[in-house]
Amino acid sequence: EPIGISRRALSRLAGAGALIRVAQGVYRMAGAPEADLEWIYSAWMALGGAQHTTPRGEVPPLVAAGETAAHVHRIGDWFPGVREFIVPARRGTRLDDVRLRILKLTPAEVMIVDGLPTLTVERTIADLMTQWTDRSLVVDALRQAFEQGKLVSPRRLAEHLEPIARAHQFADGIDMATDMM
């Protein structure tokens, strides 16, 4: 009851058509337009993302990653699918089409985009390559990020690619980033 409304009252309001249930514990007022990327925000909210206030300089406990982060940044050509988030420690979820990955992130790897903690563009590109996402799709996303002025630091991109460069047949992160651009 985060806003003081009982589950029973929510159920009654949804049954009467005043609310639309968009995810477990997440509702939208009937008649209100569907929010852009609601399918991502609703999962983040259902996982408790909106309940956390993260002090400046700390990493939020739930961060959009992979293709989900690319959707949030509006780069690439992805089909809506599994919503992917990074968490700092093991936890489960019963939500359909949600994948949680455990990873320790630094504050420099995360940014807030329209209220949603998300990997930075550079970290998103590296994350997609780490997940062995189709390279041509990642290169397209990188090109769009560059064209939209969202690629802030090619040097940081190379740093994020460094740990995976050899697995992708490159000498180092700089070589990999250069080849992708």
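Residues numbered from 1 in each chain as written. Predicted model: local features only at pLDDT ≥ 70, side-chain atom pairs only at ≥ 80, totals over all residues. Heavy atoms only, no water.

A.B. asks: Can you lay out helix 5 (residues 135-147) for me, pointing to particular residues and giving the numbers?
C.D. replies: In a regular helix each residue adds 1.5 Å, so 13 residues correspond to 18 Å; helix 5 covers 18 Å between its end C-alpha atoms and thus fits that length. What helix 5 keeps buried is the set Val 138, Ala 141, Leu 142, Gln 144 and Ala 145. The buried residues of helix 5 occupy an angular sector of 160° when projected down its axis, which confines them to one face. Set apart from the buried face of helix 5 by more than 90 degrees, the exposed residues are Phe 146 and Glu 147. The secondary structure elements touched by the buried residues of helix 5 are helix 4 (121-130), helix 6 (154-165) and helix 7 (173-180). (Helix = DSSP H or I, 4+ residues; strand = E, 2+ residues; numbered from the N terminus. Expected span 1.5 Å × (residues − 1). Buried < 20%, exposed > 50% of the residue type's maximum accessible area, 1.4 Å probe, protein only. Arc of directions from axis to C-beta. Contact = heavy atoms within 4.5 Å.)

A.B. asks: Would you mind going over the pairing of strand 4 (residues 83-87) in detail, with residue names and values included?
C.D. replies: Two faces make up the sheet, and in a regular strand the side chains alternate between them. Summarising burial for strand 4: five of the five residues are buried, a large majority. Bridging between strand 3 (residues 63-64) and strand 4 involves two bridges; their strand directions are antiparallel. Note on strand 4: the bridge partner recorded for Val 63 is Ile 86. Note: strand 4 against strand 5 (residues 98-102), five bridges, orientation parallel. Each residue of the ladder has a partner; that of Val 87, found in strand 5, is Ile 102. (Pairing = 2+ DSSP bridges.)

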